[in-house]
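Close look at the chain arrangement
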Amino acid sequence: MELRHLRYFVAVADAGNLTVAAQRILHTSQPSLSRQIRDLEDEVGTELLTRRARGIDLTPAGRAFLDHARSVLSQVEAAAEAARRAAHPAKPCFTMGFLTGHELTWMPEALRILHDELPNIDVMISSQNSPLLADGLLKGKIDAAFLRRERGVPELAYRVLVKEALMVVLPSNHRLAALKSIGPRDLVGEPFVTVSNTAPVLRAVIDNFLKRSGMKITPAHEADHLSMGMSLIASTGGVGLLPAYAQNFLPPSVTSRPLKGESPTVDLVLGYKRSNESPILKLLLSRLDELVERVSKKIR
């Protein structure tokens, strides 16, 4: 009895049909597969399958044999994987998360810093909205994330990277695009596109700014992500407030202008779980000032 006999038998049992198993799973001919099954039955000493016009049924002996066959194949695969791990030990893995859109600026420099000192690590990247990144940190799925300072998660620690000024984003052919800067009064009466609660920290900053402006500006639309915000602004002829990094992703139909006076800001932070003892995380934290300096030189 050979391992291929067991694999063939399990494939036939799963497919319920010799022809289907031969063509779609094993990529062999049906007559050849039938011979292999007969050889297995001869070796076992009893019929394992009952052939029918539209497929096969397992005999009582076949059902008993199937469980053991699966177990044997599983153990063989486990043995092979153990041998591979012994021959090629797994590299240390570190998962970094990025608030969608910030990979362009922060990821290249963060990877350079890590690989300068630890060239043999594997770095996984996750791009999501800020609340999901915080949840990933909390559950241990992400080691470090570039995100907003999410509230109500005392298990997480944050280090401020940069304060991002909010910009007015509007259609390129909008009448306000002729201005060098735009004030809250200019936004009154315009369809206003804001962010949804998928970005609660940014939403709070925008809402607070509108409230402090003393102008009656009521959001007409909510966007769940950056590209949706751009699309709504372009299609409705409306205006919105977004952090400065959004300028890297503006389509030709959309442009941006600074706010008049002191612009509100939203923090971009590096977040991590306080209990995370990863030496790779400790390295990244120790080089954080260098990371910020490298990125600031790129965006000047």
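The notes below deal with the structure included here.

Conventions and cut-offs
Residues numbered from 1 in each chain as written. Predicted model: local features only at pLDDT ≥ 70, side-chain atom pairs only at ≥ 80, totals over all residues. Heavy atoms only, no water. Helix = DSSP H or I, 4+ residues; strand = E, 2+ residues; numbered from the N terminus. Contact = heavy atoms within 4.5 Å. 1 Å grid on protein atoms, 1.4 Å probe; cavity = no way out; pocket = protein on both sides within 12 Å on 5 of 7 lines; lining within 4 Å. Points joined across faces, edges and corners; volume = space filled by probe spheres on them. Nonpolar A, V, L, I, M, F, W, Y, C, P; charged D, E, K, R; others polar. Phe/Tyr/Trp six-rings, centres within 6.5 Å; stacked < 30°, edge-to-face > 60°. Buried < 20%, exposed > 50% of the residue type's maximum accessible area, 1.4 Å probe, protein only. Polar contact = N/O pair within 3.5 Å; in protein donor to acceptor, adjacent residues only side chain to side chain. Axes fitted to C-alpha atoms, helices over the stretch in contact; angles between N-to-C directions. Parallel < 35°, antiparallel > 145°, perpendicular 65-115°, else oblique. Left-handed = near helix turned anticlockwise from the far one by under 90°. Core = buried A, V, L, I, M, F, W, Y, C linked by side-chain atoms within 4.5 Å. Salt bridge = Lys/Arg side-chain N within 4 Å of Asp/Glu carboxyl O.

Our focus in this paragraph is the environment of Glu155. Positionally, Glu155 belongs in the loop between β5 (144–147) and β6 (156–171). Placed 89 residues apart in sequence, Glu155 and Leu66 show a C-alpha to C-alpha distance of 48 Å. Not counting residues within four places of it along the chain, the set of residues in contact with Glu155 comprises Leu138, Tyr272, Lys273 and Arg274.

This part covers the layout of surface pockets. As a volume, the largest pocket reaches approximately 360 Å³. If you trace the largest pocket, you find 26 residues lining it, with Ala199, Asp224, His225, Leu226 and Tyr245 closest to the centre. Listed by contribution, the elements that provide at least two residues to the lining of the largest pocket are β7 (192–195), α8 (200–213), α9 (226–236) and β9 (239–243). In terms of residue count, the dominant contributor to the lining of the largest pocket is β9 (four residues). The class makeup of the residues in the lining of the largest pocket is 14 nonpolar, nine polar and three charged.

The next thing to look at is the packing of aromatic side chains. Across all of its chains, the model carries four aromatic pairs by this definition. When the centroid spacing of 5.3 Å and the interplanar angle of 70 degrees are considered together, the rings of Phe9 and Phe65 count as edge-to-face. With Phe9 in helix α1 (residues 3–15) and Phe65 in helix α4 (residues 60–87), the pair connects residues that are 56 residues apart, well separated along the chain. Taken as a pair, Phe9 and Phe65 share a single burial class, namely buried. Their ring planes at 80 degrees and their centres at 6.4 Å tell us that Tyr245 and Phe249 sit as a pair that is edge-to-face. Since its relative accessible area comes to 13%, Tyr245 is described here as buried. Among the aromatic side chains, those forming a connected cluster through ring pairs are Phe98, Trp106 and Phe146.

Along the chain, Arg287 turns up in the loop between α10 (279–286) and α11 (288–299). Look at Arg287 and you get buried, because its relative accessible area is 15%. Side-chain polar atoms of Arg287 contact the side chain of Glu117, separated by 2.4 Å. One polar contact links Arg287 to Glu290, side chain to side chain, over a distance of 2.5 Å. Once you skip the residues sitting within four places of it in the chain, Arg287 turns out to touch Ile113, Asp116, Glu117 and Arg294.

Another point: the packing of α1 against helix α2 (residues 18–26). The contact between α1 and α2 brings their axes to 8 Å, and the two run at 115 degrees. Our classification of the angle between α1 and α2 gives roughly perpendicular. Between α1 and α2 lies a crossing whose hand is right-handed. Touching Tyr8, Ala11, Val12 and Ala15 of α1 are Leu18, Val20, Ala21, Ile25 and Leu26, all from α2. Looking at the contact of α1 with α2 residue by residue, the class counts come to nine nonpolar, no polar and no charged.

Looking now at the nonpolar core. In globular proteins that are soluble, nonpolar side chains generally tend to be buried together. The biggest cluster of nonpolar side chains holds 35 residues, and the ones touching the most others in it are Met96, Leu114 and Phe146. Contributing elements (two or more residues each) for this core: β3 (93–99), α5 (103–117), α6 (130–138), β5, β6, β11 (265–273), α10 and α11. The dominant element in this core, judged by the number of residues it contributes, is α10, at five residues. Ignoring anything within four residues of it in the chain, the contact list for Leu114 reads Phe94, Met96, Ile121, Val123, Ile280, Leu283 and Leu284. By size, the runner-up hydrophobic cluster in this structure holds 31 residues, among which are Leu187, Leu210, Leu242 and Tyr245.

Moving on: the pattern of salt bridges. Under the defined criterion, the tally for this structure stands at 19 salt bridges. Between Arg203 and Glu222 there is a salt bridge, with its nearest N and O atoms 3.1 Å apart. Taken as a pair, Arg203 in helix α8 and Glu222 in strand β8 (residues 219–223) lie far apart in primary sequence, 19 residues in all. When its relative accessible area of 14% is taken as the criterion, Arg203 is described as buried. For the salt bridge of Arg294 with Glu290, the shortest nitrogen-to-oxygen distance reads 2.8 Å. Of this pair, Arg294 and Glu290 both sit in helix α11, four residues apart, which is roughly one turn of the helix. The partly exposed category is assigned to Arg294, whose relative accessible area is 23%. Residues joined by salt bridges that share partners form a network here, namely Glu109, Arg112, Asp116, Glu117, Arg287, Glu290 and Arg294.

Interpretation in functional terms is not warranted from these geometric data alone.
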